[in-house]
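Single-letter residue listing:
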Amino acid sequence: MSIQHKRDRICQALIGVQPKQVFLVEGADDQQAFRILLERFVPNWEQRWAIAEAGNKRQLQQLLELEPNWVGLVDRDEWDQAVIDKRQKVLPNLMVLPRFCLENYLVNPSELWQAIPPARQAGVAGGEAAFRAAIEAALPEYRRHGALWKVVTPLWSGLRALGFKEALASAESLTTAQDDAEIQRILGEWDTLLDPTRIFNDFQAQLTAVNAATRDEQFAQWVHGKVLWKDVVNPAMNRLLGSMEEGARRKEILRRLPRPADLEPVFDRLA
């Protein structure tokens, strides 16, 4: 489906003749979550906005290029501030989630505890301290994983910018295949980007940064929330609070989570 066709389908399905603009998010889980959050914290938002999933970061940005009056929100994940500033300079209607991804609003035990009804809190042996310990014990492993993710993930886009793999392995690379010097030049560019010593040093620098961050900052920006939620948080909540279907638990948390202060710019934009 072309991006123009996707834009048209969103308009037909969600707007029609209504005087609304579109708030774009990446995926279906984001769409469901922000519908809950907006219903709680942005009165009458549906009079002004329709919320739609774009599919991914790339398609969301393409849609914003086509529709400058729409706004979109993408996960921060591996983007650093320099990348964010660059993207937002081109697309002023692009917002970036303050945390690694949406699930990072579902993994901080100090926030989660406040979203648990008192009657169920009372059933946790050891109370809040035990609840926090069940999740925080895994934090050292997952912050290393998050730091490595931030270093390694941009390598793919870097390789693509250098022509991997089409520069040497595509129908258009027939001429290049006859030129040993050009082949070696391209391979050298790829090799420089994938220099293991530099990559590992970047990883060590990221570890230094994450270890200097506060516990709340680590849960917000330095762990991959989707992975921590699936591997640690949801299983711990099932164990301590009783089993619940994952989607239902996500909704319950979002409906009771204290108003996230770092989402105020998003709420203000949609007010």
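Cut-offs used in this document
Residues numbered from 1 in each chain as written. Predicted model: local features only at pLDDT ≥ 70, side-chain atom pairs only at ≥ 80, totals over all residues. Heavy atoms only, no water. Buried < 20%, exposed > 50% of the residue type's maximum accessible area, 1.4 Å probe, protein only. Helix = DSSP H or I, 4+ residues; strand = E, 2+ residues; numbered from the N terminus. Pairing = 2+ DSSP bridges. Right-handed = clockwise from strand over helix to strand, strands pointing away. Salt bridge = Lys/Arg side-chain N within 4 Å of Asp/Glu carboxyl O. Expected span 1.5 Å × (residues − 1). Contact = heavy atoms within 4.5 Å. Polar contact = N/O pair within 3.5 Å; in protein donor to acceptor, adjacent residues only side chain to side chain. Axes fitted to C-alpha atoms, helices over the stretch in contact; angles between N-to-C directions. Left-handed = near helix turned anticlockwise from the far one by under 90°. Nonpolar A, V, L, I, M, F, W, Y, C, P; charged D, E, K, R; others polar.

Novice: Help me understand the pairing of strand 2 (residues 49-53) in this model?
Specialist: Each regular strand carries side chains that alternate between the two faces of the sheet. Within strand 2, four of the five residues are buried, leaving the element largely enclosed by the surrounding structure. The sheet contact formed by strand 1 (residues 21-25) and strand 2 spans five bridges and is parallel. Along strand 2, the bridge assignment pairs Val 22 with Ala 50. This β-α-β element, strand 1 to helix 2 (residues 28-41) to strand 2, shows right-handed connectivity.

Novice: I tried to follow the pattern of salt bridges on my own but got confused; where do I start?
Specialist: Enumeration over the complete set of coordinates arrives at 19 salt bridges. Here Glu 128 ties to Arg 132 by a salt bridge, and the two come within 3.9 Å at their closest N and O atoms. Of the two residues, Glu 128 and Arg 132 are both situated in helix 7 (residues 127-136); the distance of four residues between them amounts to about one turn of the helix. Looking at Glu 128, the relative accessible area reads 32%, which means it is partly exposed. Between Arg 198 and Asp 202 there is a salt bridge; the shortest N-O distance is 3.1 Å.

Novice: How should I be thinking about helix 2 in this particular structure?
Specialist: Because an α-helix completes one turn every 3.6 residues, residues spaced three or four positions apart along the sequence face the same direction. The first and last C-alpha atoms of helix 2 sit 20 Å apart over 14 residues, in line with the 20 Å expected at 1.5 Å per residue. Within helix 2 the residues assigned to the buried category are Asp 30, Gln 31, Ala 33, Phe 34, Ile 36, Leu 37, Leu 38 and Phe 41. Against the buried residues of helix 2 lie strand 1, strand 2, strand 3 (71-74), helix 13 (246-256) and helix 14 (264-270).

Novice: What is the right way to look at helix 9 (residues 180-193) in this model?
Specialist: In a regular helix each residue adds 1.5 Å, so 14 residues correspond to 20 Å; helix 9 covers 20 Å between its end C-alpha atoms and thus fits that length. Its side-chain oxygen 3.1 Å from the backbone nitrogen of Ala 181, Asp 179 forms the N-cap of helix 9.

Novice: Teacher, can you tell me more about the packing of helix 7 against helix 12 (residues 225-241) here?
Specialist: The geometry of a pair of packed helices is captured by two quantities: the angle between their axes and the separation between those axes. Packing of helix 7 against helix 12 leaves a shortest axis separation of 9 Å and a crossing angle of 145 degrees. Helix 7 and helix 12 meet at a crossing whose hand is right-handed. Residues Phe 131, Ala 134 and Ile 135 of helix 7 pack against Val 232, Val 233, Ala 236, Met 237, Arg 239 and Leu 240 of helix 12. By residue class, the composition of the contact of helix 7 with helix 12 is eight nonpolar, no polar and one charged.

Novice: What exactly am I supposed to notice about unusual backbone geometry here?
Specialist: Trans is the common state for peptide bonds, and a negative phi is the common state for residues other than glycine. Phe 164 connects to Lys 165 through a cis peptide bond whose omega is -5 degrees. Its location among the elements puts Lys 165 in the loop between helix 8 (139-161) and helix 9. Notably, Asn 44 is not glycine yet its phi reads approximately 60 degrees, a positive angle. Along the chain, Asn 44 turns up in the loop between helix 2 and strand 2. For Asn 44, a relative accessible area of 49% gives the class partly exposed. In this structure, Asp 77 takes a positive phi of about 30 degrees despite not being glycine. Position of Asp 77 among the secondary structure elements: in the loop between strand 3 and helix 4 (81-90). By relative accessible area, which is 12% here, Asp 77 ends up buried.

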